[in-house]
Amino acid sequence: MRPDAAVARYVFRLLLRSRLAVLMLAAGLVLIVGSFVLTWLTPGTERRTFLDVTYLGIEWMAILAPILGSTILQIQEFDQRTLWLILVRPPGRASFARGRFLGLAASSACITLACGLVLAGLLAVTGGLPERYLGPVLVAALGEVLILSAIGGLVTFLTTSYLTSLLVQLGIVILGYLSPVLPYLARKATVPLLDPLIRAVYWVVPHLSDFAVREFTEPAETWYLAALTGYAVLYAGVAVVVSMLAFRRRDV
Amino acid sequence: MRLPPLPPSAGLGARIPAALSLRRSAADRMWIDTLQYCGDVSFVIDRGRRLFRLSNATTDLDPGFEEAYAFGAAMLMWQCDRPEEAAALLRKGIAYNPGAVKLKYYLAAFTFSRLKDLAREIGVLEVLVRDPGAPFVLRRILANAYEKQGRPDRAAAIWRLIWLTDRNPSERRWVAAKCARYGIDPARFESATPPARTR
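Since the structure is predicted, the reported quantities are computational estimates derived from the model, not experimental observations.

**Some points on the overall build of chain B**
A count of helices and strands for chain B gives eleven helices and zero strands. Secondary structure elements in chain B, listed N-terminal to C-terminal, are α-α-α-α-α-α-α-α-α-α-α. Against the globule reference of 16 Å for 199 residues, chain B gives a C-alpha radius of gyration of 18 Å, in line with a compact fold. If you line up chain B on its principal axes, its C-alpha atoms span 55 × 35 × 35 Å. Across chain B, every contact between residues at least 6 apart in sequence was considered, and the portion connecting residues at least 24 apart equals 51%.

So, in structure tokens, the structure goes:
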């Protein structure tokens, strides 16, 4: 575990010291200020508007942080060849893949939690606590961080350009949110080959729409959050194993 | 736990946000459109012709959005003289939210208004106005109902409440115009212990 932890620590520090963390936190602050401004347009439902926009922002942080983080890592490691400096020492490739995932997930989780803490602080100061949706939204967001960090690692090992990697990850996120619609599209497909293809996509992409607990009529219950967390851990685990196998064969 | 499925009549404008798990945000956007429309001169010119469609679209996206039902129905009933659309909106709200007592009170107020039973209408309005989340237009409606009932003293109490708690310039202009009809100076409403501000 020590090589994994060493790589994770390196990736974590690299990302948090990068402009990414600063930019994302600044974006989070702009979002919160923007939410306040938006409440001026909705007299009588200010709290609803503010919370809806802020929860959406937290979810977007959880999506963008690992995607942008993995892109930065790809630029640094492959395009700028810093990867060679890491691989000449132990750890091996498998440790590198695992540690990279852990570092990316940890840094993205920190960014997401920071936004959540700012929101909690604002609610505490304005007398808006307790807020029943905040906990479930943060748990679901961290689940998405786990999944997308694993996917980010896998995609960057499979692609050669950071732009392709970025587009593929965004495509997976969109398909993930559209996953409830995919079985319907499969049934409606007129070309025979499309039905099994769409069903295969349905089973492969992460079902991110299940993580949108901010849309629920009541705060998500504990059993649901536990199931989401279990799904996220399982999915991320499989993706990390596949990325370890993919990186073993990759030319650097 | 999840939002109920969209009705079959929902268009692409609702289906795309629904597919991307953005229904509540889309409902908030439609809500802003609704409020902007009600503040626009076209709302007065076409007598709120688009209000039912906007409120319906908002509540299709988020059927639990009680304020949208309440505000839309109140405006349709008392500002636009469209009682059928108001009642249809409320019945939809009650169907999706059977526990929403507020919406049932609104429907009762509409019924008494259409039956020209002013006393009962006022009784229900007095209950509704006490709700902190009540649309601001309800206080105007209650004050007008008191005037119609020949009780300007009670109407003046509502005008005083609006003057002391609401900083919206259009609401204060309305109060000043009402007070001018009875020779009341609104500045005299300022007292040593004003009620708590609601906005």
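**Here's the deal with the overall build of chain A**
Check the secondary structure of chain A and you find ten helices and zero strands. Reading chain A from its N terminus to its C terminus gives the helix and strand order α-α-α-α-α-α-α-α-α-α. For 252 residues, the compact-globule estimate of 2.2 N^0.38 gives 18 Å, and the C-alpha radius of gyration of chain A, at 19 Å, lies within 12% of that figure. Counting only C-alpha atoms, chain A reaches 60 × 50 × 35 Å along its principal axes. In chain A, once contacts between residues fewer than 6 apart in sequence are set aside, the share between residues at least 24 apart is 81%.

**What about the domain arrangement of chain B?**
A common way to state how big an interface is: give the accessible area lost once the parts meet. All names here are of chain B. Taken domain by domain, chain B comprises domain 1 (14-115) and domain 2 (118-199). Of all the secondary structure elements, the ones that give two or more residues to the side of domain 1 that touches domain 2 are α5 (66-79) and α7 (101-114). Residue composition of the side of domain 1 that touches domain 2, by class: ten nonpolar, two polar and two charged.

**A few points about the packing of α7 of chain B against helix α8 (residues 118-129) of chain B**
Residue and element names in this part refer to chain B. Packing of α7 against α8 brings their axes to within 8 Å, and their N-to-C directions diverge by 155 degrees. Comparing their axes, α8 and α7 come out roughly antiparallel. Of the two possible hands of crossing, α7 and α8 adopt the one that is left-handed. Each of Lys 102, Tyr 105, Tyr 106, Ala 108, Ala 109, Phe 112 and Ser 113 in α7 lies in contact with α8, whose residues at this interface are Arg 120, Glu 121, Val 124, Leu 125, Val 127 and Leu 128. The residue inventory of the contact of α7 with α8, partitioned by class, reads nine nonpolar, one polar and three charged.

**Observations regarding the interface of chain A and chain B**
Each side of the interface is counted separately: chain A has 19 residues, and chain B has 19 residues. Considering each element in turn, the side of chain A that touches chain B owes the most residues, three residues, to helix α3 (residues 46-79) of chain A.

**A look at helix α2 (residues 23-38) of chain B**
Helix length check: α2 of chain B (16 residues) gives 22 Å between terminal C-alpha atoms against 22 Å at 1.5 Å per residue, within 8%. All buried positions along α2 of chain B are accounted for by Arg 23, Arg 24, Ser 25, Ala 26, Ala 27, Asp 28, Met 30, Trp 31, Thr 34 and Cys 38 of chain B.

**Side note on the packing of α8 of chain B against helix α9 (residues 137-148) of chain B**
All names here are of chain B. Packing of α8 against α9 leaves a shortest axis separation of 10 Å and a crossing angle of 150 degrees. Our classification of the angle between α8 and α9 gives roughly antiparallel. Between α8 and α9 the crossing geometry is left-handed. Between α8 and α9, the contacting residues are Leu 118, Glu 121, Ile 122, Leu 125, Glu 126, Leu 128 and Val 129 on the first element and Leu 138, Arg 139, Ile 141, Leu 142, Ala 145, Tyr 146 and Lys 148 on the second. The residue makeup of the contact of α8 with α9, split by class, is ten nonpolar, no polar and four charged.

**Considerations on unusual backbone geometry**
All names here are of chain B. For Arg 47, which is not a glycine, the phi torsion comes out positive at approximately 60 degrees. Relative to the elements of secondary structure, Arg 47 occurs in the loop between α3 (41-45) and α4 (51-61). For Arg 47, a count of 12 C-beta atoms within 10 Å gives the class exposed. Not every positive phi belongs to a glycine, and Asp 81 is a case in point at roughly 55 degrees. You can see Asp 81 is positioned in the loop between α5 and α6 (83-96).

**A word on the environment of Ala 212 of chain A**
Looking at where Ala 212 of chain A falls in the secondary structure, it is placed in the loop between α9 (194-204) and α10 (222-248). For the pair formed by Ala 212 of chain A and Leu 122 of chain A, sequence separation is 90 residues and the distance between their alpha carbons is 22 Å.

**Quick notes on helix α5 (residues 93-125) of chain A**
Here α5 of chain A contains 33 residues, and its C-alpha end-to-end distance of 48 Å stays within 8% of the 48 Å for a straight helix at 1.5 Å per residue. Of the residues trailing α5 of chain A, Gly 127 of chain A is marked for its positive phi of about 70 degrees.

**Some details on the confidence of the model for chain B**
Close reading of the predicted structure is inappropriate where its pLDDT is low. Taken over all residues, the pLDDT of chain B has a mean of 87, while the share at 70 or more is 95%. If you check the scores for this complex, the pTM reads 0.82 and the ipTM reads 0.85.

Calculation criteria
- Residues numbered from 1 in each chain as written.
- Chains lettered and ligands numbered in written order.
- Predicted model: local features only at pLDDT ≥ 70, side-chain atom pairs only at ≥ 80, totals over all residues.
- Helix = DSSP H or I, 4+ residues; strand = E, 2+ residues; numbered from the N terminus.
- Rg over C-alpha atoms; globule rule 2.2 N^0.38 Å.
- Contact = placed C-beta atoms within 7 Å.
- Domains from an automatic or database assignment.
- Nonpolar A, V, L, I, M, F, W, Y, C, P; charged D, E, K, R; others polar.
- Axes fitted to C-alpha atoms, helices over the stretch in contact; angles between N-to-C directions.
- Parallel < 35°, antiparallel > 145°, perpendicular 65-115°, else oblique.
- Left-handed = near helix turned anticlockwise from the far one by under 90°.
- Expected span 1.5 Å × (residues − 1).
- Buried ≥ 20, exposed ≤ 12 C-beta atoms within 10 Å, placed from the backbone.
- pLDDT = per-residue confidence, 0-100.

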